[in-house]
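# Summary of the model geometry
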Amino acid sequence: MAFRLKLVPEVTHFNFFRWQWATFGVSAAAMIGSVLLVLVMGLNFGIDFKGGTTIRTESPTAFEVSEYRAALTQLDLGDVAITEVFDPSFGTTRHVAMIRIGTTDETGSVSPEQLNQVEAALHEVDPEVRFASVESVGPKVSEELIRTAIYAVGAATLGIMAYIWLRFEWQFAVGCVIALIHDVLLTIGLFSLFQLRFDLTTIAALLTTVGYSCNDTVVVFDRLRENLIKYKSKSLFDLMNLTANETLSRTIMTGVTTAIALTAMLIFGGDVVRDFVIAMLWGVVVGCYSTLYVAKNIVLWMGVKRDWSKTQKNVDSPFSGAEERP
Amino acid sequence: MLQIDRWKRILIIGICVLGMFYALPNLFYSRVEVHNDAVKTIEQTGAETPELIDERAGWPNWMPSGLVNLGLDLRGGAHLLAEVHLEDVYKSRMDSLWPELRRDMSAERETLGAIRRVSSPDGTLRIEIGEPAGINRAVEIVRSYSSPVTSLTGAGQSSLSIRTEGNAILVQLSDAEKTASNDRTVQQSLEIIRRRVDEVGTREPTIMRQGADRILIQVPGIGSAEELKALIGTTARLTFNSVVSTGTDPDGPADVGQVVLPAADQPGFYYTIETSPVVTGEELTDAMPATDQNGMPAVDFRFNPTGARKFGNYTAANVGQPFAIVLDDEVISAPVIRQAITGGSGQISGSMNFEEASRLAVLLRAGALPTELTFLEERTVGPELGQDSIDAGSLSAIIATVAVAIYMVLSYGLFGVFAATSVIINVVLILSAMSVMGATLTLPGIAGIVLTVGTAVDANVIIYERIREELRAGKRVVRAINDGFNEAMSAIIDANVTTFIAAAVMFFLGSGPVKGFAVTLTIGLVTSVFTAIFLTRLMIIWWIEWRKPKELIL
């Protein structure tokens, strides 16, 4: 009964600022690196953002990508990309390929006749091939989707910033948002580095990361505020370290449970959501890191007011007042 | 804090039990689905065949029968995003206004002089009159066709915007009328698409307006987006027009008010017809597939009384002349009138197979789309891929839940068991809430549930870590637990509000799968706060009441 799995000792006294210049350097470098990666390598935009058609084929027999390509080149479809999809759960009787056909004309999607030609050509190469899904998005919609995606990430950021500003102080809001931008940039960088497919669900993953990263940060801030009230004369630097150490085991604990759940999804969830799960998993990892090494540091540099005596009452309301006291 | 009133305890347990009860149908998904379909059919048709009664008996009536609505990516089906060509309506309104204006203006030839329509951009009408002095009278005539706009925002404005330039009058729809017209066009298109899809009788199609000129159509279970497009993509505007001449030249002679159209069954053959129709498809009351006298597929139709009278008069006056049956700018046949057709019914035959005949009948019955549609987005998901995704999704959700539960028990012992129980009930509650709301579960939604499993314990972790600290500070067990819950509260609320903001943004700005993900995430937030704060606390209180612990190792 007494056994407890503990990843973090009960009481820790890490100085989270000892490496602050190094970590700051790493963070800054990673952010700049991500931007550079996106500029140089670009993102592997899905049809949601680029327009075009994707066809997912499934066949019980193995195939060669070159066979498919040979079958499709004679159709003169323009930009065609064929990738074989591997997944441990497929076994030897499932062979999946993703065929992507770029936009050919104004309407964007491939015409029904062309689609029939493609299907017929592939049937000739492999009579057992099935078309598990076919999706087309026109350029008009994809442009709008990009715009809405940017709005969405922006709106979420502003909304969270406003909330934190209301509940805490503006320095906290700035710290949290910089941490959040850090996480979003690094996630986009990862997608560029490994050329993972970047589509609408990736945006959903980014927004979840945004929520999660702030969630993490807010718990630390909440404790920091409590400590600011409790220890009026301690330096902000010491208080920050104290707070981070106090909340460290929670930060790690929640990070681990979330990572466990997402890893299960990563392994067993199939290839359709894999990129989505990778984005969230990575988001959780960088979210954890940025809580400890980005958000706090920003607040420390900006300083924060020390006289919380007036606001102490507000801390209990309006939300915690919902809970009755003994 | 550590006392909970009896009625509150009953409420907490009640919510959990109800949740399990309402989540239960999802375990027997296909059986409940068959039951629901049978109930619906019996309700609609009133016919209680033995098969239907059998199917209905597959699931007890007193049990809840709400199911989590599976999204297209899980069930398979087709998704289309259509754009309605609103401008085309302006054009046809102007084109149909011209014959009437010409008639009225010609009657006053002395004051107006010669009248002609000159070419102008689509959706506008430019009329030149011979006598510039008569321009005011001409404007008066045009104005008599303008009526007040009857929309909320445009009330009080007139429907036509009229300008003069020398001896020319420029007519177009006013902005208020355009807005009202757009609204009508989209509503009408929506209604007709719904009727066409319903005719095929698939389960729970989603047909809704999106933005100003878009319509989203999702039909589960349909084979492909192509099939769906064939069903709703055609305007199906049927008209009966008089034929002026026939020929083989697509640019053949045509006066204003006449048009050259290709023959559907004879390539290279063209008809010149009058654009204003004798009768239109709107005056049809019924259409059904049939066979003609040669046993070839055909469509029988019947006119309403006005249509029948117009058609009767026209055929009586034009015996021996051909008339054209025009469907979407193609002449499907041009029979010669042998005698006056007064019965109000007729037959369309031409080059079509039986499938096309029955589809044409469906289209004619449902009515014509007011204008053309373009498809901006098409997605088809095969049913097998959907099933694979469900299997993979549920497997990973189960593994994630078990793994997190084990980890919690290893970390917190008995309190970990409480947290693990909460997590499992949390998943059940998410499913039941989605079933009751009829929310749609998508593949990202399943990932959302899995993520919630990971974060649901967060509130518990915050509380437990706090209790640990309070214990280390030397507080007594009950006091430590009490303070732990209290102090953790504001952190839990703040943490969940931030995630909720992100979810709300996704819901309002996202579409399709992203929206589904946002819904699951939000439901998960609410249920996880409930299970972590109320349910776990109740379990801890029970434990305290039972064991009266003097010490606690957490």
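Residues numbered from 1 in each chain as written. Chains lettered and ligands numbered in written order. Predicted model: local features only at pLDDT ≥ 70, side-chain atom pairs only at ≥ 80, totals over all residues. Heavy atoms only, no water.

Selection rule: UniProt positions are given in the numbering used here, feature names are shortened, and annotations may be inferred rather than shown by experiment.
An unreviewed UniProt entry annotates chain B as Protein translocase subunit SecD originating from Paracoccus alcaliphilus. Word for word, the UniProt comment on chain B under Function (unreviewed entry) is "Part of the Sec protein translocase complex. Interacts with the SecYEG preprotein conducting channel. SecDF uses the proton motive force (PMF) to complete protein translocation after the ATP-dependent function of SecA." The UniProt entry for chain B carries the following text under Subcellular location (unreviewed entry): "Cell membrane".

An unreviewed UniProt entry lists chain A under the name Protein-export membrane protein SecF, from Paracoccus alcaliphilus. Under the Subunit (unreviewed entry) heading, UniProt states for chain A: "Forms a complex with SecD. Part of the essential Sec protein translocation apparatus which comprises SecA, SecYEG and auxiliary proteins SecDF-YajC and YidC." Turning to chain A, the UniProt annotation filed under Subcellular location (unreviewed entry) states: "Cell membrane".

### Section: the overall build of chain A
Here is the rule we go by: Numbering goes from the N terminus for both helices and strands, where a helix is a DSSP run of H or I of at least four residues and a strand is a run of E of at least two. We compute the radius of gyration over the C-alpha atoms and compare it with the globule rule, which gives 2.2 Å times the number of residues raised to the power 0.38. For every residue, the accessible area obtained with a 1.4 Å probe (protein chains only) is divided by the maximum for its type, and the residue is called buried under 20%, exposed over 50%, and partly exposed between those limits. Contact criterion: two residues are considered in contact whenever any of their non-hydrogen atoms come within 4.5 Å of each other. For accessible areas, the Shrake-Rupley method is used with a probe of radius 1.4 Å. Any residue's cover is judged against the shown protein chains and nothing else.
Of regular secondary structure, chain A possesses ten helices and six strands. What you see for chain A is a C-alpha radius of gyration of 25 Å, clearly larger than the 20 Å of a compact globule of 326 residues, by over 25%. Seen along its three principal axes, the alpha-carbon backbone of chain A occupies a region of about 80 × 50 × 45 Å. Burial status across chain A gives 54% buried among its 326 residues. Pairs at least 24 residues apart make up 79% of the contacts formed inside chain A by residues separated by at least 6 positions. Within the structure as shown, chain A displays about 14,300 Å² of accessible surface, and the carbon and sulfur contribution to it stands at 64%.

### Things to note about the overall build of chain B
Summing up its helical and strand segments, chain B has 16 helices and 19 strands in all. Scaling as 2.2 N^0.38, a compact globule of 554 residues should have a C-alpha radius of gyration of about 24 Å, whereas chain B reaches 34 Å, well beyond that. C-alpha extents for chain B along the principal axes are approximately 110 × 60 × 40 Å. Counting only residues that meet the buried cut, chain B has 51% of its 554 residues in that class. Intrachain contacts of chain B at a sequence separation of at least 6 include 69% that bridge at least 24 residues.

### Observations regarding the interface of chain A and chain B
Stated formally: Each of two parts loses accessible area, computed with a 1.4 Å probe, when they are put together; buried area is these two losses added. What makes a salt bridge here is a side-chain nitrogen of Lys or Arg within 4 Å of a carboxyl oxygen of Asp or Glu, nothing more. Residues are grouped as follows: Ala, Val, Leu, Ile, Met, Phe, Trp, Tyr, Cys and Pro are nonpolar; Asp, Glu, Lys and Arg are charged; all remaining types, including Gly, are polar.
Contact with chain A, which involves 76 residues of that partner, is made by 75 residues of chain B. Surface buried jointly by chain A and chain B totals about 6,700 Å² across both partners, of which 63% is contributed by carbon and sulfur atoms. Viewed at the interface, chain B and chain A are joined by nine salt bridges. Those elements that place two or more of their residues in the side of chain A that touches chain B are strand 2 (52-59), helix 4 (112-125), strand 5 (130-137), helix 5 (139-167), helix 7 (200-230), helix 8 (236-268) and helix 9 (274-302) of chain A. It is helix 7 of chain A that contributes the most residues to the side of chain A that touches chain B, 15 residues altogether. Of the residues that constitute the side of chain A that touches chain B, the class distribution is 39 nonpolar, 16 polar and 21 charged.

### Here's the deal with the packing of helix 6 (residues 170-193) of chain A against helix 9 of chain A
All names here are of chain A. For the record, the criterion: Angular values range over 0 to 180 degrees, each being the angle between N-to-C directions of two axes fitted as lines to C-alpha atoms, with helices fitted over their stretch in contact. By definition, turning the near helix anticlockwise from the far helix through less than a right angle yields a left-handed crossing, and turning it clockwise yields a right-handed one.
Where helix 6 meets helix 9, the closest approach of the two axes is 7 Å, and the angle between their N-to-C directions is 145°. Crossing geometry of helix 6 relative to helix 9 is assigned as right-handed. Of the residues in the contact of helix 6 with helix 9, the class split is 18 nonpolar, seven polar and two charged.

### Section: the packing of helix 8 (residues 175-200) of chain B against helix 9 (residues 225-232) of chain B
Residues and elements named next belong to chain B. Quick note on the threshold: In this scheme, roughly parallel covers angles under 35 degrees and roughly antiparallel covers those over 145, while 65 to 115 is roughly perpendicular and the rest are oblique.
Their axes nearest at 9 Å, the elements helix 8 and helix 9 cross at an angle of 120°. As the angle between them shows, helix 8 and helix 9 are arranged oblique. At the point where helix 8 passes helix 9, the crossing takes the right-handed sense. Together, Ile 193, Arg 196, Val 197 and Val 200 of helix 8 and Leu 228, Leu 231 and Ile 232 of helix 9 make up the contact between the two elements. Grouping the constituent residues of the contact of helix 8 with helix 9 by class yields six nonpolar, no polar and one charged.

### Regarding the UniProt feature "transmembrane region" (unreviewed entry) in chain B
Residues and elements named next belong to chain B. The sites that UniProt annotates as "transmembrane region" (unreviewed entry) are residues 417-439, 445-467, 488-510 and 516-544. The annotated region residues 488-510 carries 96% helix and 0% strand content, and the separation between its end C-alpha atoms amounts to 33 Å. A distance of 41 Å separates the end C-alpha atoms of residues 516-544, which is 100% helix and 0% strand.

### What about the sheet that holds strand 7 (residues 206-210) of chain B?
Note the threshold: Should DSSP find at least two bridges between two strands, the strands are taken to pair.
The strand order across the open sheet built from eight strands is 3(A)-4(A)-2(A)-5(A)-18(B)-2(B)-8(B)-7(B), with neighbouring strands paired in antiparallel fashion. In the strand order of this sheet, the two ends are held by strand 3 (80-85) of chain A together with strand 7 of chain B, each with one partner. For this sheet, the mean inter-axis angle between neighbouring strands, taken without regard to orientation, is 15°. The pairing of strand 5 of chain A with strand 18 (residues 373-381) of chain B spans five bridges and is classified as antiparallel. Residue pairing in the sheet places Ser 136 of chain A in a bridge with Glu 378 of chain B of strand 18 of chain B. Sheet strands touched by helix 9 of chain B: strand 2 (77-84), strand 8 (214-220) and strand 18 of chain B. Its angle to strand 18 of chain B, the strand with the most contacts, is close to 145°.

### A closer look at the packing of aromatic side chains
We apply this condition: Ring pairs shown here join Phe, Tyr and Trp side chains whose ring centres sit within 6.5 Å, with only the six-membered ring taken for Trp; geometry is labelled stacked below 30 degrees between planes, edge-to-face above 60, and tilted in between. Whether a charge lies above a ring is judged from NZ of Lys or CZ of Arg, which has to be within 6 Å of the ring centre and within 35 degrees of the ring normal.
This model, assessed by the stated rule, comprises 32 aromatic pairs over all chains. The interplanar angle of 55° and the centroid separation of 5.4 Å between the aromatic rings of Phe 415 of chain B and Tyr 464 of chain B together place this pair among those described as tilted. With Phe 415 of chain B in helix 13 (residues 414-437) and Tyr 464 of chain B in helix 14 (residues 443-472), the pair connects residues that are 49 residues apart, well separated along the chain. The exposure class assigned to Phe 415 of chain B is buried, which follows from its relative accessible area of 1%. Judged by its relative accessible area of 0%, Tyr 464 of chain B falls in the buried class. Cluster of aromatic residues (ring-pair linked, three or more members): Phe 240, Phe 301, Phe 303, Phe 311 and Phe 323 of chain B. Sitting above the plane of the Tyr 231 of chain A ring, Lys 234 of chain A keeps its charged end 4.9 Å from the centroid. We note Lys 296 of chain A situated over the ring of Phe 17 of chain A; from NZ or CZ to the ring centre the distance is 4.6 Å.

### With respect to empty space enclosed by the protein
The test is simple: A cavity, in this analysis, means grid points on a 1 Å lattice covering only the protein atoms where a 1.4 Å probe fits yet has no way out; a pocket is instead an open set bounded by protein on both sides within 12 Å along at least five of seven lines, and a residue lines either one if it has an atom within 4 Å of a point. Grid points are joined across faces, edges and corners, and a volume is the space filled by probe spheres set on the points.
If you walk through the whole model with that rule in mind, you get five cavities of 30 Å³ or more. In this structure, the largest cavity spans a volume of roughly 190 Å³. When residues of the lining of the largest cavity are traced back to their parent elements, those giving at least two are helix 7 of chain A together with helix 14, helix 15 (477-509) and helix 16 (513-547) of chain B. Counting residues per element, the lining of the largest cavity draws most heavily on helix 14 of chain B, at six residues. Along the lines of polarity and charge, the residues of the lining of the largest cavity split into seven nonpolar, nine polar and one charged. Of the pockets and cavities examined, the second largest cavity occupies roughly 130 Å³. What lines the second largest cavity is a set of 13 residues, among which Val 219, Arg 223 and Thr 247 of chain A together with Ile 462 and Arg 466 of chain B lie closest to the centre. Those elements that place two or more of their residues in the lining of the second largest cavity are helix 7 and helix 8 of chain A together with helix 14 and helix 15 of chain B. Among the elements that line the lining of the second largest cavity, the one with the most residues is helix 14 of chain B, at four residues. For the lining of the second largest cavity, the class distribution of residues is four nonpolar, one polar and eight charged.

### Some points on the pattern of salt bridges
All names here are of chain B. Summed over all chains, the structure comprises 43 salt bridges over all chains. In this structure, Arg 103 engages Asp 104 in a salt bridge whose closest nitrogen and oxygen atoms are separated by 3.5 Å. For Asp 104, a relative accessible area of 25% gives the class partly exposed. Taking the shortest distance from any N to any O, the salt bridge between Glu 283 and Lys 310 comes out at 2.8 Å.

### Structural notes on the environment of Ser 161 of chain B
Residue and element names in this part refer to chain B. Mapped onto the elements of the fold, Ser 161 is located in strand 5 (residues 160-165). Through-space distance from the C-alpha of Ser 161 to that of Thr 45 is 50 Å; in sequence the pair is 116 residues apart. Beyond its immediate stretch of four places on either side in the chain, Ser 161 contacts Leu 170, Val 171, Gln 172, Leu 173 and Ser 174.

### Considering the confidence of the model for chain A
Residues shown with low pLDDT carry predicted positions that ought not to be read at fine detail. Quick reminder of the rule: Per residue, pLDDT measures the predictor's confidence, with a range of 0 to 100.
Confidence in the prediction for chain A averages 83 pLDDT; 91% of positions are at 70 or higher. Confidence drops under pLDDT 50 across residues 312-326 of chain A; counting only partners more than four residues distant or on other chains, this segment forms 25 contacts.

### As for the domain arrangement of chain B
Buried accessible area, meaning the area lost when the parts come together, often serves as the stated size of an interface. Selection rule: All domain edges in this entry derive from an automatic or database-based domain assignment.
One can read the domain layout of chain B as domain 1 (87-175), domain 2 (184-378) and domain 3 (384-547). With centres defined by C-alpha atoms, the gap from domain 2 of chain B to domain 3 of chain B works out at 56 Å.

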